[in-house]
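# Fold and geometry: a report
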Amino acid sequence: MLPVFALADCNNFYVSCERVFNPKLEGKPVIVLSNNDGCVVARSEEAKALGIKMAVPVFEVDSIIKKNKVLVYSSNYALYADMSKRVMNTIKEFVPKIEIYSIDEAFLDLSDFENYNLDKYCREIKKTVEKWTGIPVSIGISSTKALAKIANRLAKKSKKAKGVLDLTAKTYQNRALEAVEVSDVWGVGRSYSEFLTKKGILTARELRDADTNVIRRKMGVEGVRLINELKGVSCYPLEANPPPKTGITVSRSFKTPIKTLKGLSEAVSNFISIGAEKLRKEKGAAGEVSVFIMTNRFRDDYYSKSKSCLLTVPSSDTSELISCALKSLRAIFKKNQLYKRAGIMFGKIVSEKNIQQDFFDKKDRDLSKKLMKTLDKINIKVGTSSVKYAALGVTKKPGWKAARERLSKKYTTDWGELPEVKM
DNA sequence: TCTGGGGTCCTAGGACCC
DNA sequence: TCTGGGGTCCTAGGACCC
């Protein structure tokens, strides 16, 4: 049985989510911004047509926005995460083996669907997702993940494909790969793209047919795998069960820079608290805690420093992790700097089941576990940060909190913000 | 003036060992 | 001018993804 993959990818996902609950946005240029309302992270087709590029800082496209009355939204992650879940659940009704690759993409394993008309089946999936969730998706089909990615790209672009393209047949692959620029191939970023262009490799087809040795020297084993994938030899299997996380990061940029150690301590404590919650959800414990702080990276006098500390016994206890992080923070804090961004990282994560105990450990681990369990329970039930450590601070609008000035409502996850329908 | 956040994988090179 | 060789482990940094 030959492997067959499909990639289902939501069109302009964040914008599409906003449109589901605000149909007035249909047909208009709409963009969604990153945290702190900094960069453009999603664009409607109309916004793309105006020349607004992905990931540009908003201030650079201010004039385009004003001139064309582009509608601007802050990221509403609670809404997008919930919509994503709905889309994925719908897909699972059709294909049991799927890999959720990102918030708006999933790989589907269609190897068991040999006797199906895949084009027809995927159109059925597409239609149902749109009907049940309101989110438009495109689906590309082929024998490897990299080719499915390419098929998906063409499915989105081509008028004839109408959102679904089956690229399993070798006969179409040459022409399809010629139509895709090398920089648009999965796994080719800015640096590799520059290198390949210099070598005269401009399309996906030319990359597929390139000298493996040349590619290997620059792009390593991943480059060779990529060439094989383009040739139709599957190197990346479907990962239905994601492996446990090896690290957890929480970081934020500050709209207004933070100057004081006190201010940073509060921010860092909050990041630890968010990360520790994630860690416990994953049923893990961290063996290492790192802290990093930095000033504005777009300036010449940029200062950045990080420090990590090892725990004798891996832990997921918020208070223990906070005190560990604050010790590192005090060591790297430099006065008279305007800190623009800070963050924490948990490393050396192990499963809470096989924590190596320490003979001299003085901490009551069972008590700590009970305390954390209760803390999580209350916060899930009553609301985030209902119960928290004093180190996190009590200011209503602290400086480290992201600015989100154009936020839509939590239509699907908050009773108080349900959409109203007037009959 | 304003520039996101969270991940993974691979490689080169240093430290250390016998 | 000469200066072992080979292995392992770890880390920092670069590249990529969304």
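As a reminder, the structure under discussion sits directly above these lines.
Just so it is clear, the structure is predicted and the values come from calculations on it, not from any experiment. (Residues numbered from 1 in each chain as written. Chains lettered and ligands numbered in written order. Predicted model: local features only at pLDDT ≥ 70, side-chain atom pairs only at ≥ 80, totals over all residues. Heavy atoms only, no water.)

## Brief notes about a positive patch on the surface
Heads up, the rule is: Exposure above 30% relative accessible area and the absence of a salt bridge qualify a residue for a patch, where like charges join within 9 Å and nonpolar side chains (Val, Leu, Ile, Met, Phe, Trp, Tyr) within 5 Å. Calculation of accessible area relied on Shrake-Rupley with a 1.4 Å probe; when residues are assessed, cover is drawn exclusively from the protein chains displayed. Here, a salt bridge means any Lys or Arg side-chain nitrogen found within 4 Å of an Asp or Glu carboxyl oxygen. In this tally, Lys and Arg are treated as positive and Asp and Glu as negative; His is ignored, and so are the chain termini. Where a charge lies is defined by one atom per residue type: Lys uses NZ, Arg uses CZ, Asp uses CG and Glu uses CD. Put simply, DSSP marks the helices as runs of H or I at least four residues long and the strands as runs of E at least two long, and each gets a number from the N terminus on. Per-residue accessibility, obtained with a 1.4 Å probe over protein chains only, is compared with the maximum for each type, and a residue is labelled buried under 20%, exposed over 50%, and partly exposed between these values.
Together, Lys283, Lys353, Lys369, Lys373, Lys377 and Lys381 make up a region of like positive charge exposed at the surface. Note that Lys377 resides in helix α13 (residues 365–382). On the basis of relative accessible area, Lys377 is assigned to the exposed category, the value being 65%.

## Considering the protein's contact with DNA strand C
So the rule is basically this: Summary of the distance rule: residues count as near a molecule or strand when at least one heavy atom falls within 4 Å of that molecule or strand. Polar contact is defined as a pair of N or O atoms within 3.5 Å, subject to the rule that within protein one atom must be able to donate a hydrogen and the other to accept it, and that residues adjacent in sequence are counted only when both atoms are side-chain atoms. For this classification, Asp, Glu, Lys and Arg are treated as charged, while Ala, Val, Leu, Ile, Met, Phe, Trp, Tyr, Cys and Pro are nonpolar and the rest, including Gly, are polar.
The local shell around DNA strand C holds 14 residues, among which Glu105, Lys149, Gly187, Gly189 and Tyr192 are the closest. Within 4 Å of the protein, the contacting atoms of DNA strand C are drawn from sugar and phosphate to the extent of 100%. Interatomic distance of 2.9 Å between a backbone N/O atom of Gly189 and a phosphate oxygen of DNA strand C. Tyr192 is positioned such that a nitrogen or oxygen atom in its backbone is 2.8 Å from a phosphate oxygen of DNA strand C. Secondary-structure elements contributing two or more residues to the surface near DNA strand C are β5 (98–102) and α8 (190–198). Considering each element in turn, the surface near DNA strand C owes the most residues, three residues, to α8. Class assignment of the residues belonging to the surface near DNA strand C gives a composition of five nonpolar, four polar and five charged.

## A look at the packing of aromatic side chains
To be explicit about the condition: Side-chain rings of Phe, Tyr and Trp, where Trp is taken by its six-membered ring, are said to pair if the distance between their centres is within 6.5 Å; with planes under 30 degrees apart they count as stacked, over 60 as edge-to-face, and otherwise as tilted. Lysine NZ or arginine CZ positioned within 6 Å of the ring centre and within 35 degrees of the ring normal marks a charge as sitting over the ring.
Scanning the entire structure with this criterion turns up 16 aromatic pairs. A ring pair is formed by Tyr77 and Tyr80, whose centres lie 6.3 Å apart and whose planes are at 80 degrees; its orientation type is edge-to-face. Residue Tyr77 and its partner Tyr80 are located together in helix α4 (residues 77–94), separated by three residues, close to a single helical turn. Relative to Tyr121, the ring of Tyr116 has its centre 5.0 Å away and its plane inclined at 65 degrees; by these criteria the two rings are edge-to-face. By relative accessible area, Tyr121 is classed as buried at 17%. Linked through ring pairs, Phe13, Tyr14, Tyr77 and Tyr80 together constitute an aromatic cluster. Across from the ring centre of Phe107, 4.8 Å away, lies the NZ or CZ of Lys145, which sits over that ring.

## A few points about the pattern of salt bridges
A full pass over the atoms with the stated rule returns 21 salt bridges. Linking Glu105 and Lys149 is a salt bridge whose minimum nitrogen-to-oxygen distance equals 2.7 Å. On the criterion of sequence distance, the pair formed by Glu105 in strand β6 (residues 105–109) and Lys149 in helix α6 (residues 145–157) is long-range, its members being 44 residues apart. Given a relative accessible area of 10%, Glu105 falls into the buried group. Here Arg365 and Glu320 are joined by a salt bridge, their closest N and O atoms 3.3 Å apart. Of the two residues, Arg365 sits in helix α13 while Glu320 sits in helix α12 (residues 318–332), which places them 45 residues apart along the sequence. When salt bridges that share partners are traced, they join Glu178, Arg205, Arg208 and Asp209 into one network.

## Re the sheet that holds β6
We apply this condition: Two strands make a pair as long as DSSP finds a minimum of two bridges between them. Simply put, an axis is a line fit to the C-alpha atoms, just over the touching stretch for a helix, and the angle between two N-to-C directions goes from 0 to 180 degrees. Any pair of residues with heavy atoms lying within 4.5 Å of one another is described as a contacting pair.
With mixed pairing, the five strands of this open sheet are ordered in space as β5-β6-β1-β7-β8. In the strand order of this sheet, the two ends are held by β5 and β8 (164–166), each with one partner. Strand-to-strand twist of the sheet, defined as the mean angle between neighbouring strand axes without regard to direction, takes the value 15 degrees. Summarising the sheet, strand β1 (residues 5–10) and strand β7 (residues 137–142) pair through six bridges and their orientation is antiparallel. Of the residues in β7, the one forming a bridge with Leu7 is Gly140. Seen against the sheet, helix α5 (residues 118–133) touches β6, β7 and β8 and runs at an angle of roughly 160 degrees to β7.

## What to know about the packing of helix α11 (residues 261–281) against α12
Quick note on the threshold: Relative orientations are named as follows: roughly parallel for angles under 35 degrees, roughly antiparallel for angles over 145 degrees, roughly perpendicular for angles from 65 to 115 degrees, and oblique for any other angle. When the near helix sits turned anticlockwise from the far one by under a right angle, the crossing is termed left-handed; a clockwise turn instead gives a right-handed crossing.
Where α11 contacts α12, the two axes come as close as 9 Å, and the packing angle between them is 140 degrees. Taken together, the axis directions place α11 and α12 in an arrangement best described as oblique. In this structure, α11 meets α12 at a crossing whose hand is right-handed. Across from Leu261, Leu264, Ser265, Val268, Ser269, Ile272, Ser273, Ala276, Leu279 and Arg280 in α11, the residues of α12 making contact are Thr318, Leu321, Ile322, Ala325, Leu326, Leu329 and Arg330. For the contact of α11 with α12, the per-class residue count stands at eleven nonpolar, four polar and two charged.

## A word on the protein's contact with DNA strand B
Near DNA strand B there are 24 residues, and of these Thr249, Ser251, Ser253, Arg297 and Arg341 occur at the shortest range. Close to the protein, within 4 Å, the atoms of DNA strand B belong to sugar or phosphate groups at a rate of 73%. A distance of 2.5 Å separates a phosphate oxygen of DNA strand B from a polar backbone atom of Thr249. Separating a phosphate oxygen of DNA strand B from a side-chain N or O atom of Lys340 is a distance of 2.8 Å. Counting residues per element, the ones that place at least two in the surface near DNA strand B are α10 (212–231), β9 (248–258) and β12 (339–347). The greatest single-element share of the surface near DNA strand B, amounting to six residues, is contributed by β9. Split by residue class, the surface near DNA strand B holds seven nonpolar, eight polar and nine charged.

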